Amino acid sequence: MSDAWSAAEFEARLRQIGAERYHDKHPFHGLLHDGKLNKGQLQAWVLNRFYYQKSIPLKDASLIGRADDIDLRREWIGRITDHDGGKDGGGGIERWLILAEGVGLDPAYVASCKGVLAGTRFACDAYVHFVRDRPLLEAVASSLTELFAPDLHKTRIAALLEHYPFANDTTLAYFRTRLTQAPADVAFGLDYVLRHACNRDQQEACLAALLFKTDVLWAQLDALHHAYVSPGLIPPGAFVPEDRQ
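Calculation notes
- Residues numbered from 1 in each chain as written.
- Predicted model: local features only at pLDDT ≥ 70, side-chain atom pairs only at ≥ 80, totals over all residues.
- Heavy atoms only, no water.
- Helix = DSSP H or I, 4+ residues; strand = E, 2+ residues; numbered from the N terminus.
- Buried < 20%, exposed > 50% of the residue type's maximum accessible area, 1.4 Å probe, protein only.
- Disulfide = S-S within 2.5 Å.
- Expected span 1.5 Å × (residues − 1).
- Contact = heavy atoms within 4.5 Å.
- Salt bridge = Lys/Arg side-chain N within 4 Å of Asp/Glu carboxyl O.
- 1 Å grid on protein atoms, 1.4 Å probe; cavity = no way out; pocket = protein on both sides within 12 Å on 5 of 7 lines; lining within 4 Å.
- Points joined across faces, edges and corners; volume = space filled by probe spheres on them.
- Nonpolar A, V, L, I, M, F, W, Y, C, P; charged D, E, K, R; others polar.

Some words on the side chain of Arg178
At step 1: With respect to the helices and strands, Arg178 occurs in helix H10 (residues 173-196).
At step 2: Here Arg178 falls in the buried class, since its relative accessible area comes to 7%.

Here it is as structure tokens:
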């Protein structure tokens, strides 16, 4: 077994994955942020991304159910509330449905997940299964794409406000809320991984988990780009924008 990297070197390797592999570099995001998506393409993104949003509390609940560490459970349960909201709602899933309505989609249709691409389902379901099946440390490490999310949200908010008429404080509330939630989440997750990955094998497993998560995010955009941008082959059963009907 090789010697463990120092905490600083290990963290640098985690961050390097984001610099090279985070989905902000995908061509679909380039089109989104440059204002080059048409209404149907934008709707397809919102619809498919909802399936990812609804999958997050499922994977978080499975992580909590496997954790003997009470401090981890106490901290992690806030992530579920962030997405699902409390008894009166108000969570990220609800805010995403407000975004969906803003881009002209029926929120009930979006919530049904009808029309979601198979590629989206496979990628998100694989992430939920990964967190359920892999060691707890790797499950936590897979969440560290949150290290890179705030910068993407800032870019996205500015770009949507500049290029798309639907964008306002109400429709973009999901992204604005994540600007404060994600840094708090990742501070705990990063500290947990740095403290508990005590040898090189564990550190490399954490790097592999984070790589897997970047692949999950990238695969979703690959599916969107293939179906709605180029070559524009919408598979049977998937959402069809009005301009393609």
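Some words on unusual backbone geometry
At step 1: Cis peptide bonds are those with omega within 30 degrees of zero, and the linkage from Ser230 to Pro231 qualifies with 5°.
At step 2: Mapped onto the secondary structure, Pro231 falls in the segment after helix H11 (200-228).
At step 3: Of note in this structure, Cys113 is not a glycine but carries a positive phi near 65°.
At step 4: In this structure, Cys113 sits in the loop between helix H6 (107-112) and helix H7 (118-133).
At step 5: On the basis of relative accessibility, which here comes to 4%, the residue Cys113 falls in the buried class.

Considerations on the state of the cysteines
At step 1: Summed over all chains, the structure comprises 0 disulfides.
At step 2: Summary of cysteine pairing: Cys113 is not part of a disulfide, and the nearest cysteine sulfur, belonging to Cys124, is at 9.3 Å.

Re helix H9 (residues 149-163)
At step 1: For H9, with 15 residues, the first-to-last C-alpha span of 21 Å sits near the 21 Å given by 1.5 Å per residue.
At step 2: For H9, every residue scored as buried is listed here: Ala149, Pro150, Leu152, His153, Arg156, Ile157, Ala159 and Leu160.
At step 3: Contact partners of the buried residues in H9: helix H2 (27-33), helix H3 (39-66) and H10.

Here we look at the pattern of salt bridges
At step 1: All told, the structure shown has 13 salt bridges when counted by the stated rule.
At step 2: Linking Asp185 and Arg178 is a salt bridge whose minimum nitrogen-to-oxygen distance equals 3.7 Å.
At step 3: Taking the relative accessible area as the measure of exposure, Asp185 reaches 8% and is therefore buried.
At step 4: Within the structure, one salt-bridge network assembled from shared partners comprises Arg79, Glu146, Arg178 and Asp185.

Points about helix H4 (residues 70-84)
At step 1: With 15 residues, H4 ought to run about 21 Å at 1.5 Å a step, and its terminal C-alpha atoms sit 21 Å apart, in line with that.
At step 2: The elements touched by buried residues of H4 are H3, helix H5 (92-102), helix H8 (136-141) and H10.
At step 3: Positive backbone phi, approximately 80°, marks Gly85, located one or two places after H4.

Notes on the side chain of His225
At step 1: Following the sequence through the fold, His225 ends up in helix H11.
At step 2: According to the relative accessible area criterion, His225 is buried, its value standing at 19%.
At step 3: With residues up to four places along the chain from it excluded, the contact list for His225 reads His26, Pro27, Phe28, Leu31 and Ser230.

A short note on empty space enclosed by the protein
At step 1: Applying the stated rule across the entire model yields 2 cavities of 30 Å³ or more.
At step 2: Of the pockets and cavities examined, the largest cavity occupies roughly 290 Å³.
At step 3: Mapped onto the lining of the largest cavity, the elements with two or more residues apiece are H3, H4, H9, H10 and H11.
At step 4: Considering every element that reaches the lining of the largest cavity, the biggest residue donor is H3, with 6 residues.
At step 5: Considering only residue class, the lining of the largest cavity consists of 8 nonpolar, 6 polar and 10 charged.
At step 6: As a volume, the second largest cavity reaches approximately 70 Å³.
At step 7: Surrounding the second largest cavity, His23, His29, Trp45, Asn48, Arg49, Thr120, Leu217, Gln220, Leu221 and Leu224 form its lining.
At step 8: With 4 residues, H11 is the single largest residue contributor to the lining of the second largest cavity.
At step 9: Among the residues making up the lining of the second largest cavity, the classes are represented as 4 nonpolar, 5 polar and 1 charged.

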